[in-house]
Amino acid sequence: MFRFLSVFCGLLWAGTVTALPEGQINVIDADTIDVGQTRVRLHGIDAPEMGQPCNANGREWDCGRWARDFVRDQFDGQHARCEMIEIDRYGRVVATCDVGGQDMGSAIVQAGAAWAYRRCSNAYDLDEKAAAITELGIWGVAIETPAAFRERRVSGRTARDPSCAVKGNISDNGRIYHLPDDRSYARTGINLANGERWFCSAAEAEAAGWRPAHR
């Protein structure tokens, strides 16, 4: 086991790692998976957030759910071997993952289910360009970038927003989310300045590294 100080796209985090992730895949969202018992954020890609809308031909749908379902169809239940890059501020392992000789990040970007996250890596730049030229997935619809969606949503959330009522609280017990029917929900406050935030679903909270409160 070793200890290190890691930089994930400019964010510092200190932690420990015992082994590189390897095991069966459970897809959380299009760029976040569990590999065995380890939560992994795929390096170099940025997929639509759960609840993020996209539209085309007068129809709107949840692009985050669509991207997640695509990745589930392709990879859920398969065996992955991952190479760790670092640890992000939520304690997730940031890694590239190989499934049967295929790079997951490359496959997801090529299918138009995620952007190349150039803030962190240019590894999937050509994959993105190929998807954009053929208007696959996100390139054939109207959609804002996940970064813009996250910034707008987090900055605009209040306790009275009925669509994003899951509370992401940080305490001595770590990052914990509270659903409206949890016993401690009413007395749990949210301080955005301290990194606490609102989520629109339990799935979104877990993908970001929060765990459910004991009820």
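Notes on the structure in this doc start here. (Residues numbered from 1 in each chain as written. Predicted model: local features only at pLDDT ≥ 70, side-chain atom pairs only at ≥ 80, totals over all residues. Heavy atoms only, no water.)

### Here's the deal with the overall build of the protein chain
Check the secondary structure of the protein chain and you find five helices and 16 strands. In the protein chain, buried positions account for 46% of the 215 residues. In the protein chain, of all internal contacts separated by at least 6 residues, the share reaching a separation of at least 24 is 58%. Of the roughly 11000 Å² of accessible surface on the protein chain, a fraction of 48% belongs to carbon and sulfur atoms. (Helix = DSSP H or I, 4+ residues; strand = E, 2+ residues; numbered from the N terminus. Buried < 20%, exposed > 50% of the residue type's maximum accessible area, 1.4 Å probe, protein only. Contact = heavy atoms within 4.5 Å. Areas by Shrake-Rupley, 256 points an atom, 1.4 Å probe, with all protein chains shown as cover.)

### What about the nonpolar core?
Counting 28 residues, the largest nonpolar core has Ile33, Met104 and Ile108 as its most contacted members. Mapped onto this core, the elements with two or more residues apiece are strand E3 (22-29), strand E4 (32-35), strand E5 (38-42), helix H1 (63-75), strand E9 (79-87), strand E10 (93-99) and helix H2 (104-110). In contact with Ile33, not counting residues within four places along its chain, are Ile25, Asn26, Val27, Ile28, Thr38, Arg39, Val40, Leu42, Cys97 and Met104. In terms of nonpolar packing, the next biggest core, distinct from the first, is built from eight residues, Tyr90, Leu179, Ala205 and Trp210 among them. (Core = buried A, V, L, I, M, F, W, Y, C linked by side-chain atoms within 4.5 Å.)

### Description of the state of the cysteines
Following the criterion strictly, the structure yields two disulfides and no others. Note on cysteine connectivity: Cys54 is disulfide-linked to Cys63, with sulfurs 2.0 Å apart. The S-S bond linking Cys54 to Cys63 shows a torsion near 90°; that makes this disulfide right-handed. Residue classification places Cys54 among the buried positions, given a relative accessible area of 0%. On the accessibility criterion, Cys63 (2% relative accessible area) is buried. Through a disulfide, Cys82 is tied to Cys97; the S-S separation comes to 2.1 Å. Disulfide Cys82-Cys97: torsion about the S-S bond near 105°, hence right-handed. With Cys82 in strand E9 and Cys97 in strand E10, this pair connects stretches of sequence that are 15 residues apart. (Disulfide = S-S within 2.5 Å.)

Coordinates in, geometry out; function isn't part of it.
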